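Reading the structure
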Amino acid sequence: MIELHNVSFSYGLVPVLQHIDFSVEQGEFLGIVGPNAGGKSTMLKLILGLIKPQTGTVTVLGKKPAQQRTQIGYVPQYPGFARDFPITVEQAVLLGRLGAGRQFGRYNAADYAAVQQALAELEAQDLAQRPISALSGGQLQRILLARALVSDPKILILDEPTANIDMRIESDIFDHLRELNKRLTILVVSHDIAFISDYVSRVACLNRTLVCHTTDAINGHLIQHLYGEPIRRVAHVH
Amino acid sequence: MNEFLSALISQPFLQMSLLAGLLASLGCGVIGTFVVVKRITFLAGGIAHSVLAGMGAAVYFGFDPLLGALIAAIVSALLIGWIRLNWKTQEDTLIGAIWAMGMAVGLLFIAQTPGYTSSLTSYLFGNILLVPEQDVWFMGILDLVLLLIVGLFYRQFLAVIFDEEFARLRGVPVSFFYLLLLCLIAVTVVLLIHVVGLILVIALLTLPAAIAGHYVHSLGWMMLIATLLGSSFTIGGLAISYSPDLPAGPTIILLAGSAYVISAIFSHYRLKRRAHQSLSMSL
């Protein structure tokens, strides 16, 4: 589904990613972990085609990323809009249909139906007519997820989807993702290795280079290798 | 006020002024809403002020000033948009420079044109009472173009204004629609020049939409209410200024500005009271 060959990228003089070889197969639920500034978000931007690598190639479903954007649903770490923007949940989610439905004029019945379905899947139908300014953090996260799903993508990419919400809602969101993984390939960036290891089928550890690329269970030794110094693991019990 | 109403019935020039005011309000309601929610008042200000370059050149070379204004507005909109998209680090300085240089160019042209200095004030502060009929037609056409483009691409504009990165990921040509939006702002600026002049444009472009934004939570309603408010301010300002023979432009702006201040204070306290109520209900 996604292939990176010998990809390097730098912002100015600082290399962010070096010699990344990496691939994602259909149906995977892949977690990308690593320290801050380890290049996780940069790798997502490369896959989304928002930036181009200085060397190497990125292909998504056999083509250049920019040509496959409509096949990808994306959930950003921070919403790219002002929280007080005068728009209802339904209208915000409908924008996810751009590129899938008609290009001119108004939305059609299929667009509205897709929004209803996506909101229902995330148990958020009752939020449809609310202004987005009235949503809690967890509700907003579901709406961002619904917006990504509404175009019926093949791949779902999430950048720290639960960084700004509490842990109960975090596992709630990941339960939804586990359900969605039955029909979608999922890539999720997280800083919380222990937590996501309960959900994902494979983990890629990124710290400028791809440190590990494994299906093994996460252990202390691996974490130490990734972060470069011994760290104490915090046990999460869910 | 009665004097205004009887004059309105008997004087065709006043009917033209009123029509011009209504046409301008339509533009300021629709595009002003975009400007307010996208928070690009400063960009719009840059476009508005640099329009003087085109009006000055039109006066000097002897063609229609409103056409000169339209050309200058579009050129400066594209220039400012290009800076915003490609040169973000120095965006505000560059827009400020275009703002002032546009005015400077216009002033030089006007200074070099013998006998035309008196029209400078009407470009800067508007002269709604002297709108020629052909300009009203021109404004009508601009309104039609504006509504047609917004109607066709409303979803794309909304996507770009709401969340640029996400719009890009949905395959919306963001740069194109961003530049198109700035061009629509340019057209609106030209619509408003006769009413309040290019210096005061920015107030009439943003204040009605900002007031509407205090009370409604959808762009469509904001546009409708902003258009109605813009019409009320224009007609109201015209009526108030008519008998004492005050300049209409500044009167319209003061009316809009006072309404905005009152509305801002009112909605601030309304929000506070609601917060109190929701707290006491949950206790």
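Within each chain, residues carry numbers counting from 1 in the order of the written sequence. Naming scheme: in the order in which they are written, chains are lettered from A and ligands are numbered from 1. Thresholds applied to this predicted model are a pLDDT of at least 70 for local features of residues and 80 or more for the giving and counting of side-chain atom pairs; totals over whole chains, interfaces and linings are not thresholded and use all residues. To get the side-chain values, take all heavy atoms of the structure and skip hydrogens and water.

Overview of the overall build of chain A
From N to C terminus, chain A includes 7 helices and 9 strands. Throughout this description, buried means an accessible area under 20% of the type-specific maximum (1.4 Å probe, protein chains only), exposed means over 50%, and partly exposed covers the range between. Every one of the 238 residues in chain A was classed for burial, and the buried ones make up 53%. If you take every contact in chain A between residues at least 6 apart in sequence, the share linking residues at least 24 apart comes to 69%. About 10900 Å² of surface is accessible on chain A, with carbon and sulfur atoms providing 49% of the total. Each helix is a run of H or I in the DSSP string that is no shorter than four residues. Each strand is a run of E no shorter than two, and both are numbered from the N terminus. Should any heavy atoms of two residues lie within 4.5 Å, those residues are counted as being in contact. In these tables, accessible area is a Shrake-Rupley quantity obtained with a 1.4 Å probe, and a residue counts as shielded only by the protein chains included in the view.

Considering the nonpolar core
L156 and L177 of chain A together with I185 of chain B are the most contacted members of the largest nonpolar core, which has 142 residues in total. The greatest single-element share of this core, amounting to 27 residues, is contributed by helix 10 (residues 174-213) of chain B. In this structure, L156 of chain A is in contact with G73, L145, A148, L149, L177, L180, L184, T185, I186 and L187 of chain A, ignoring residues within four places of it in sequence. Throughout this description, the term nonpolar core refers to a set of buried Ala, Val, Leu, Ile, Met, Phe, Trp, Tyr and Cys residues connected via side-chain atoms within 4.5 Å. Of all hydrophobic cores here, the second largest spans 30 residues; its members include I20, V24, Y74 and L187 of chain A.

Some details on the packing of helix 3 (residues 41-61) of chain B against helix 5 (residues 91-111) of chain B
Residue and element names in this part refer to chain B. The convention used is that axes are lines fitted to C-alpha atoms, helices contributing only their stretch in contact, and that angles between N-to-C directions extend from 0 to 180 degrees. As a packed pair, helix 3 and helix 5 sit with axes 7 Å apart at the nearest point and diverge in direction by 20°. With respect to helix 5, the element helix 3 is oriented roughly parallel. Seen from above, helix 3 lies across helix 5 with left-handed handedness. A class-by-class count of the residues in the contact of helix 3 with helix 5 yields 15 nonpolar, 8 polar and 2 charged. Orientation categories follow fixed angle ranges, with anything under 35 degrees roughly parallel, anything over 145 roughly antiparallel, 65 to 115 roughly perpendicular, and all other angles oblique. Here is the rule for handedness: rotate from the far helix to the near one, and if that takes an anticlockwise turn smaller than a right angle the crossing is left-handed, while a clockwise turn gives right-handed. Each residue gets one of three labels, nonpolar for Ala, Val, Leu, Ile, Met, Phe, Trp, Tyr, Cys and Pro, charged for Asp, Glu, Lys and Arg, and polar for the others, Gly among them.

Structural notes on the packing of helix 4 (residues 137-149) of chain A against helix 5 (residues 167-180) of chain A
Residue and element names in this part refer to chain A. Their axes nearest at 10 Å, the elements helix 4 and helix 5 cross at an angle of 15°. The angle between helix 4 and helix 5 places the two elements in the roughly parallel class. As helix 4 runs across helix 5, the sense of the crossing is right-handed. In this structure, helix 4 uses G138, Q141, R142, L145 and L149 to contact helix 5, whose residues at the interface are I169, D172, I173, L177 and L180. By residue class, the composition of the contact of helix 4 with helix 5 is 6 nonpolar, 2 polar and 2 charged.

Side note on the packing of aromatic side chains
For Phe, Tyr and Trp, rings pair up if their centres lie within 6.5 Å, where Trp contributes its six-membered ring, and each pair is then called stacked (planes under 30 degrees apart), edge-to-face (over 60) or tilted (otherwise). Taken as a whole and assessed by the stated rule, the structure comprises 16 aromatic pairs over all chains. Here F85 of chain A and F162 of chain B contribute two aromatic rings whose centre-to-centre distance is 5.0 Å and whose plane-to-plane angle is 70°, an arrangement assigned as edge-to-face. Of this pair, F85 of chain A sits in the loop between strand 5 (72-75) and helix 2 (89-94) while F162 of chain B is found in helix 8 (residues 154-162), placing the two residues in two different chains. Owing to a relative accessible area of 4%, F85 of chain A belongs among the buried residues under this scheme. By relative accessible area, which is 3% here, F162 of chain B ends up buried. Taking the centre distance of 5.8 Å and the plane angle of 35° together, the rings of F34 of chain B and F157 of chain B count as tilted. Of the two residues, F34 of chain B is situated in helix 2 (residues 12-38) and F157 of chain B in helix 8; the sequence distance between them amounts to 123 residues. On the accessibility criterion, F34 of chain B (0% relative accessible area) is buried. For F157 of chain B, a relative accessible area of 1% gives the class buried. Here a set of aromatic residues connected by ring pairs shows up, and it is made of F34, F153, F157, F176 and F177 of chain B.

Focus: helix 10 of chain B
Expected helix span is given by 1.5 Å per residue-to-residue step, counting one fewer step than there are residues. An ideal rise of 1.5 Å per residue puts 58 Å on 40 residues; helix 10 of chain B reaches only 25 Å between its terminal C-alpha atoms. At every residue, the bend is computed as the angle between two fitted axes, covering the seven residues ending there and the seven beginning there respectively. The largest bend in helix 10 of chain B is about 115°, located at H194 of chain B.

Brief notes about the sheet that holds strand 2 (residues 14-24) of chain A
All names here are of chain A. Here we have 3 strands laid out as an open sheet, ordered 2-1-4, and antiparallel in their pairing. Of all the strands in the sheet, just strand 2 and strand 4 (55-60) have a single pairing partner and so form its edges. Strand-to-strand twist of the sheet, defined as the mean angle between neighbouring strand axes without regard to direction, takes the value 25°. Seen against the sheet, helix 1 (residues 40-48) touches strand 1 (2-11), strand 2 and strand 4 and runs at an angle of roughly 120° to strand 1. Pairing between strands requires that DSSP locate at least two bridges from one strand to the other.

What about the pairing of strand 2 of chain A?
The side chains of a regular strand alternate, first on one face of the sheet and then on the other. Residues and elements named next belong to chain A. Looking at chain direction, strand 1 and strand 2 are connected through 7 bridges and run antiparallel. Note on strand 2: the bridge partner recorded for Y11 is V14. Hairpin geometry of strand 1 and strand 2 is characterised by an intervening segment of 2 residues between the two adjacent antiparallel strands and by a positive phi of about 65° at G12.

What to know about the pattern of salt bridges
Definition used for salt bridges: Asp or Glu carboxyl oxygen within 4 Å of a side-chain nitrogen of Lys or Arg. Per the counting criterion, the structure on display carries 10 salt bridges over all chains. Two residues, E28 of chain A and R202 of chain A, come together in a salt bridge whose shortest N-O distance is 2.4 Å. With E28 of chain A in the loop between strand 2 and strand 3 (29-33) and R202 of chain A in strand 8 (residues 202-207), this residue pair connects regions lying 174 residues apart in the sequence. By sharing partners, the salt bridges in this structure join R97 and D111 of chain A together with R155 of chain B into a single network.

Comments concerning the side chain of E160 of chain A
All names here are of chain A. With respect to the helices and strands, E160 occurs in the loop between strand 6 (155-159) and helix 5. His residues and chain termini do not enter the charge count, which takes Lys and Arg as positive and Asp and Glu as negative. The buried charged residue E160 lacks any salt bridge partner; its closest oppositely charged side chain belongs to K40, at an N-O distance of 4.1 Å. Residues contacting E160, with those up to four places away along its chain left out, are K40, Q77, V189, S190 and H191.

Looking at the interface of chain A and chain B
At the interface, 32 residues of chain A touch 23 residues of chain B. Note on terms: buried area is the combined drop in 1.4 Å-probe accessible area of two parts once they are placed together, counting the loss on both. Among the residues of chain A in contact with chain B, F85, P86 and L98 of chain A are the three that bury the most area, contributing 26% of the side total. Counting across the chain A and chain B interface gives 3 salt bridges. For D84 of chain A, the salt bridge identified is with R39 of chain B, shortest N-O distance 3.0 Å.

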